[in-house]
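# Commentary on secondary and tertiary structure
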Amino acid sequence: DGGITQSPKYLFRKEGQNVTLSCEQNLNHDAMYWYRQDPGQGLRLIYYSQIVNDFQKGDIAEGYSVSREKKESFPLTVTSAQKNPTAFYLCASKPQGSGNTIYFGEGSWLTVV
Amino acid sequence: GQQVMQIPQYQHVQEGEDFTTYCNSSTTLSNIQWYKQRPGGHPVFLIQLVKSGEVKKQKRLTFQFGEAKKNSSLHITATQTTDVGTYFCAGPNTGFQKLVFGTGTRLLVSP
């Protein structure tokens, strides 16, 4: 099956703990993205990566970190510095090119208590 | 920075009524894409518009790209309960590295 796999789907963590969300794609897409969505809100870009070993901050990168060691993988770490980490996190990917659509994973719900 | 706004934020209609959401970008777009997110789900691509003034239809959905390529609209004729969800427009940033998503319009359809 081709697609984007995010795990875990639901995650509970205590305040002050770091947590890493996994995102794997087998679509051979070059670009990968992480978005945050709060209830009833739009999508805000956290980080994105155009190629392996390179990534850029999005609009709300503070308190988050990423790595892109492999083309297929783009994990997101939510650090204890993120003040309000409870949210729905969406990973996405797209092939190179200005007109190509973006494909989303099913998302990960993170709740910090 | 580049901003993409959508109105209305929320609309509640009776099944069978029409619905329209409008998307406005602060900059000219090379293309615009529309996505639908069902409650509890992830955004799914609906369509892409590229040409100035372009109109595309998918069954009861009509998509339009403005002449100036700065605005777009999605019109649903005779809504059904399956149309429930949030509709997002999105356009590439100037450098084409990322998509800038609109604020979204949440549609609720009552039977």
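Residues numbered from 1 in each chain as written. Chains lettered and ligands numbered in written order. Predicted model: local features only at pLDDT ≥ 70, side-chain atom pairs only at ≥ 80, totals over all residues. Heavy atoms only, no water.

## Some words on the nonpolar core
Among the nonpolar cores identified, the biggest contains 21 residues, and Trp34 and Phe63 of chain B are the most heavily contacted of them. Contributions of two or more residues to this core are made by strand 3 (19-25), strand 4 (32-37), strand 5 (44-49), strand 7 (61-65), strand 8 (71-76), strand 9 (85-92) and strand 11 (105-110) of chain B. Those residues within four positions of phenylalanine 63 of chain B in sequence are excluded, and the remaining contacts are Trp34, Leu46, Ile47, Leu49, Glu54, Val55, Lys56, Gln58, Ser73 and Leu74 of chain B. Listed in part, the 19 residues of the second largest apolar core include Ala61, Tyr64, Phe74 and Leu110 of chain A. (Core = buried A, V, L, I, M, F, W, Y, C linked by side-chain atoms within 4.5 Å. Buried < 20%, exposed > 50% of the residue type's maximum accessible area, 1.4 Å probe, protein only. Helix = DSSP H or I, 4+ residues; strand = E, 2+ residues; numbered from the N terminus. Contact = heavy atoms within 4.5 Å.)

## Quick word on the state of the cysteines
Under the counting rule described, the total for this entry stands at two disulfides over all chains. Each sulfur of the disulfide joining cysteine 23 of chain A and cysteine 91 of chain A lies 1.9 Å from the other. In this structure the cystine formed by cysteine 23 of chain A and cysteine 91 of chain A twists about its S-S bond by roughly -75 degrees; its chirality is therefore left-handed. Separated by 68 residues along the polypeptide, cysteine 23 of chain A in strand 3 (residues 19-25) and cysteine 91 of chain A in strand 9 (residues 87-94) bring together distant segments of the chain. With its sulfur 2.0 Å from that of its partner, cysteine 23 of chain B forms a disulfide with cysteine 89 of chain B. (Disulfide = S-S within 2.5 Å.)

## Things to note about the side chain of glutamine 6 of chain A
All names here are of chain A. In this structure, glutamine 6 sits in strand 1 (residues 4-7). Glutamine 6 gets classed as buried once you look at its relative accessible area, which sits at 10%. Among the polar contacts listed, one links the side chain of glutamine 6 to the backbone nitrogen of cysteine 91, at a separation of 2.9 Å. Of note is the side chain of glutamine 6, whose polar atom sits 3.0 Å from the backbone nitrogen of glycine 107. In contact with glutamine 6, other than residues within four places in its own chain, are Ser22, Trp34, Tyr89, Leu90, Cys91, Gly105, Glu106, Gly107 and Ser108. (Polar contact = N/O pair within 3.5 Å; in protein donor to acceptor, adjacent residues only side chain to side chain.)

## With respect to the packing of aromatic side chains
Residues and elements named next belong to chain A. Tallied over the full model, the rule gives 14 aromatic pairs over all chains. Taking 5.8 Å as the distance between ring centres and 50 degrees as the angle between the ring planes, the aromatic pair formed by tyrosine 35 and phenylalanine 104 counts as tilted. Of the two residues, tyrosine 35 is situated in strand 4 (residues 31-37) and phenylalanine 104 in strand 10 (residues 103-104); the sequence distance between them amounts to 69 residues. According to the relative accessible area criterion, tyrosine 35 is buried, its value standing at 1%. Accessibility expressed as a relative area gives 8% for phenylalanine 104, which makes it buried. Consider the rings of tyrosine 64 and tyrosine 89, whose centres lie 5.9 Å apart with planes at 65 degrees: the pair is edge-to-face. Here tyrosine 64 is found in strand 7 (residues 64-66), whereas its partner tyrosine 89 is found in strand 9, with 25 residues between them in sequence. Accessibility expressed as a relative area gives 0% for tyrosine 89, which makes it buried. The ring of phenylalanine 74 is capped by arginine 68, whose NZ or CZ atom sits 6.0 Å from the centre of that ring. (Phe/Tyr/Trp six-rings, centres within 6.5 Å; stacked < 30°, edge-to-face > 60°. Lys NZ or Arg CZ within 6 Å of the ring centre and 35° of its normal.)

## As for the interface of chain A and chain B
When the parts of a complex come together, some accessible area is lost, and that lost area is often taken as the interface size. Taken together, the contact between chain A and chain B spans 21 residues of the former and 17 residues of the latter. Around 1,600 Å² of area is buried between chain A and chain B when both sides are counted, 59% of it from carbon and sulfur atoms. Summed over the shared surface of chain A and chain B, the number is three residue pairs in polar contact (both at pLDDT 80 or more). Where the side of chain A that touches chain B is concerned, the elements lending two or more residues are strand 4, strand 5 (43-51) and strand 9 of chain A. The biggest single contributor to the side of chain A that touches chain B is strand 5 of chain A, with four residues. Within the side of chain A that touches chain B, the residues separate by chemical class into nine nonpolar, nine polar and three charged. (Buried area = accessible area lost by both parts, 1.4 Å probe. Nonpolar A, V, L, I, M, F, W, Y, C, P; charged D, E, K, R; others polar.)

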